[in-house]
Amino acid sequence: MQPSSGIATDAPPLRMDLRINLSIMMFLQFAVWGAWFVVLGNYLGHLKFSNTHIGTMYSLMPLGAIFSTLFVGQIADRYFSSERLMAILHLAGAGLLYAMAQVQNPDHYMMLIGLTFVYSLLYNPTLALSNSIAFSHIPSGERDFPGIRVLGTIGWIAVGLIVGQVLSTPGRPAYHTNLPLLLAAGLSAVLGLFSFALPHTPPTGKAGDAIPFIRALGLLKDPSFAVFFGVSFIITIVLAFYYSFTGKFLETGAGVKDVASTMSIGQFAEMLLLPFLPWFLKRFGMKSVLALGMLCWGVRYAMFAVGSPFALVIIGVALHGICFDFFFAAGFIHVDNTAPKEIRASGQALFSFLTYGVGMYLGSVLSGYVAEAYTNPETGVTDWRGFWMVPAAGVIASLLIFLAAFRMKPAVAAADLSADLAAEPAGLQ
């Protein structure tokens, strides 16, 4: 197998001031999300919102990605600089998070739904915008992006520790209060103001160009790009199974008492592995890295299905590092390599739309139906072995399609081959 990674041989080193600037952006970007999203169900349950209400609330973020991400990607490509758009969206988002924190009566559920949905319309596009800003200013996406993106994972872990250890008091965990939402509001305001200090990233679309979103859809005419997007879409459906039901599985199926800390093993694995992604790309090539990431999704769910010894479950949780880094982080790099410069923001937005949007939404809904089908209506006990085998089978089918149909573009592959001997991975610098 001939490796190919796409790392440029003559890319200059990333300036330290730029690395710090973009790293702070990533840290805050995911700290805002992680502060409230993980414990939202606990908070609403404490306020006596119904399980149906809680499930609907969790579906709003992917719905926001479906409706807003591509539209904002077009704006960033054609009309406004990305950093100013980031500032506006996060400052407005801070106000909405604060308003969400004030709604604590289940009778006002529709107001909370409305506020949360509008917030999701504002936050979701910033995921693509932050990636676009980073890729626009780093000399080598493969070498430099993982070392910057890992700060997002650190931000997610940090706010989790703040919520669990700093804001909580004996007998009154923070996730039974609105403090996580208020923390997220404060962080969003900080990121909004900080965004004005981000490097200037002007729109790249030219007057008279076709709408960048339509041109981004044109990328799907390339068979391998279509395969990549299609498989990414399916894998994200599988990802929703993990976030929707792993916590319940650990508690009721594996006997775990501290579910939150156990699941954080996955984020720590992601944090440790992401800086080494450039080395894997250089050594094994983009296609092999993507395939390995997909395979590990299937292995993880197979381990959950077996369920014992308990070490298998822990290994399955820890595989999050490979599952996420080797497919999603590498996937954003592949989009950056493939999309023309003038529609790069829309290309990133299209990837986010299909994965974090449509795929995550359908996966959340589908996982609920699958869990119901494998739960005994009389005892309420779930057949976790049968449940986890469903997404495992979906992963294997997707992997076989990917291996058979995905091909790197010749121009990209040629550049990859010439780069393998010279590029240095960011995580080892």
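Residues numbered from 1 in each chain as written. Predicted model: local features only at pLDDT ≥ 70, side-chain atom pairs only at ≥ 80, totals over all residues. Heavy atoms only, no water.

K.L.:
Hey, could you go over the overall build of the protein for me, with residue numbers and the actual values?
P.N.:
If you tally the helices and strands in the protein, you get 17 helices and zero strands. Intrachain contacts of the protein at a sequence separation of at least 6 include 85% that bridge at least 24 residues. For the protein, the accessible area works out to roughly 17500 Å², and carbon and sulfur atoms hold 67% of it. (Helix = DSSP H or I, 4+ residues; strand = E, 2+ residues; numbered from the N terminus. Contact = heavy atoms within 4.5 Å. Areas by Shrake-Rupley, 256 points an atom, 1.4 Å probe, with all protein chains shown as cover.)

K.L.:
Could you give me a rundown of a nonpolar patch on the surface, with the residues and numbers involved?
P.N.:
A cluster of nonpolar residues, Leu292, Leu295, Val299, Ile396 and Leu400, forms a patch on the protein surface that exposes about 380 Å² of accessible area. Counting only elements with at least two residues in the nonpolar patch, the list comes to α12 (286–306) and α16 (384–405). Here the nonpolar patch takes three residues from α12, the largest share from any one element. As for its position among the elements, Ile396 is in helix α16. (Patch = residues over 30% accessible without salt bridge, like charges linked within 9 Å, V, L, I, M, F, W, Y side chains within 5 Å. Salt bridge = Lys/Arg side-chain N within 4 Å of Asp/Glu carboxyl O.)

K.L.:
Any details on unusual backbone geometry? Residues and values, ideally.
P.N.:
Of note, the amide linkage connecting Ser308 to Pro309 takes the cis form, showing an omega dihedral of 0 degrees. Within the secondary structure, Pro309 sits in the loop between α12 and α13 (310–318).

K.L.:
Report on the packing of aromatic side chains, specifying residues and quantitative values.
P.N.:
For the structure on display, the rule yields 30 aromatic pairs. Geometrically, the ring pair formed by Phe229 and Phe351 is stacked, given 5.9 Å between the ring centres and 25 degrees between the ring planes. Here Phe229, found in helix α9 (residues 223–253), pairs with Phe351, found in helix α15 (residues 344–373); they are 122 residues apart in sequence, far enough to count as distant. Under the relative-accessibility criterion, Phe229 is labelled buried at 3%. Exposure remark for Phe351: the relative accessible area of 0% places this residue in the buried category. Aromatic pair Phe327 and Phe328: ring centres 5.7 Å apart, planes at 75 degrees, arrangement edge-to-face. (Phe/Tyr/Trp six-rings, centres within 6.5 Å; stacked < 30°, edge-to-face > 60°. Buried < 20%, exposed > 50% of the residue type's maximum accessible area, 1.4 Å probe, protein only.)

K.L.:
Can you explain empty space enclosed by the protein? Please cite residues and give values.
P.N.:
Summed over all chains, the structure comprises four cavities of 30 Å³ or more. Reported here for the largest cavity is a volume of approximately 100 Å³. Around the largest cavity sit Met26, Phe30, Leu127, Ser130, Asn131, Phe145, Arg149, Phe324, Phe328, Ala329, Phe332 and Tyr356, which together line it. Counting residues per element, the ones that place at least two in the lining of the largest cavity are α1 (16–37), α5 (109–137), α6 (141–166) and α14 (320–338). Across the lining of the largest cavity, the residue classes break down as nine nonpolar, two polar and one charged. (1 Å grid on protein atoms, 1.4 Å probe; cavity = no way out; pocket = protein on both sides within 12 Å on 5 of 7 lines; lining within 4 Å. Points joined across faces, edges and corners; volume = space filled by probe spheres on them. Nonpolar A, V, L, I, M, F, W, Y, C, P; charged D, E, K, R; others polar.)

K.L.:
Break down helix α7 (residues 179–195) for me, citing the residues and quoting the values.
P.N.:
Here α7 contains 17 residues, and its C-alpha end-to-end distance of 24 Å stays within 8% of the 24 Å for a straight helix at 1.5 Å per residue. Burial in α7 covers these residues: Pro180, Leu181, Ala184, Ala185, Leu187, Ser188, Leu191, Gly192, Phe194 and Ser195. Those residues of α7 that are buried are in contact with α1, α2 (40–46), α4 (82–102) and α6. (Expected span 1.5 Å × (residues − 1).)

K.L.:
Help me get a handle on the environment of Val118, residues and values and all.
P.N.:
Of note, Val118 is situated in helix α5. Sequence spacing of Val118 and Gly93 is 25 residues, and the spatial spacing of their C-alpha atoms is 8.7 Å.

K.L.:
Give me the lowdown on the environment of Gly218, citing residues and values where you can.
P.N.:
Examined against the element boundaries, Gly218 turns out to sit in helix α8 (residues 212–218). Relative accessible area serves as the criterion here: at 27%, Gly218 is assigned to the partly exposed category. Remark: the alpha-carbon pair of Gly218 and Gly347, spanning 129 residues in sequence, is separated by 9.9 Å.

K.L.:
Quick one: what's the story with the packing of α1 against α4, residue by residue and with numbers?
P.N.:
At a minimum axis separation of 13 Å, α1 and α4 run at an interaxial angle of 20 degrees. With respect to each other, α1 and α4 are oriented roughly parallel. In this structure, α1 meets α4 at a crossing whose hand is left-handed. Along its contact with α1, which presents Met25, Gln29, Val32 and Trp36, the element α4 presents Met86, His90, Leu97 and Met100. Taken together, the residues of the contact of α1 with α4 sort by class into six nonpolar, two polar and no charged. (Axes fitted to C-alpha atoms, helices over the stretch in contact; angles between N-to-C directions. Parallel < 35°, antiparallel > 145°, perpendicular 65-115°, else oblique. Left-handed = near helix turned anticlockwise from the far one by under 90°.)

K.L.:
Hey, could you go over the nonpolar core for me, with residue numbers and the actual values?
P.N.:
If you look at the biggest cluster of nonpolar residues, it comprises 122 residues, and the most contacted ones within it are Met25, Trp36, Leu97, Leu277, Trp297, Tyr301 and Trp388. If we ignore the near neighbours within four places in the chain, the residues touching Leu277 are Pro146, Val289, Asp325, Phe326, Ala329, Ala330 and Ile333. (Core = buried A, V, L, I, M, F, W, Y, C linked by side-chain atoms within 4.5 Å.)

K.L.:
For the side chain of Asn21, give the residues involved together with the corresponding values.
P.N.:
Looking at the element boundaries, Asn21 is found in helix α1. Within the structure, the side chain of Asn21 is placed 3.2 Å from the backbone oxygen of Ala197, a separation counted as a polar contact. Apart from the residues lying within four places of it in its own chain, the contact partners of Asn21 are Phe194, Ala197, Leu198 and Pro199. (Polar contact = N/O pair within 3.5 Å; in protein donor to acceptor, adjacent residues only side chain to side chain.)

K.L.:
Which residues make up α6, and what values do they have?
P.N.:
The end-to-end C-alpha separation of α6 is 36 Å, in line with the 38 Å expected for 26 residues at 1.5 Å each. Structurally, the start of α6 carries an N-cap: the backbone nitrogen of Arg143 is 3.3 Å from a side-chain oxygen of Ser140.

K.L.:
Just give me the short version of the confidence of the model for the protein, but keep the residues and values in it.
P.N.:
A residue-level look at the protein finds 84% of positions with pLDDT of 70 or above and a mean pLDDT of 80. Note that residues 1–8 has pLDDT below 50 and, in this model, 36 contacts with residues that lie over four places away or in other chains. Below pLDDT 50 for its whole length, residues 411–429 participates in 36 contacts with residues either more than four positions away or in separate chains. (pLDDT = per-residue confidence, 0-100.)

K.L.:
So what about the state of the cysteines? Which residues, and what values?
P.N.:
In the structure shown here, the tally under the stated rule is zero disulfides. In this structure Cys296 is a free cysteine whose sulfur lies 5.4 Å from that of Cys323, the closest cysteine sulfur available. Residue Cys296 is classed as buried on the basis of its relative accessible area of 8%. (Disulfide = S-S within 2.5 Å.)

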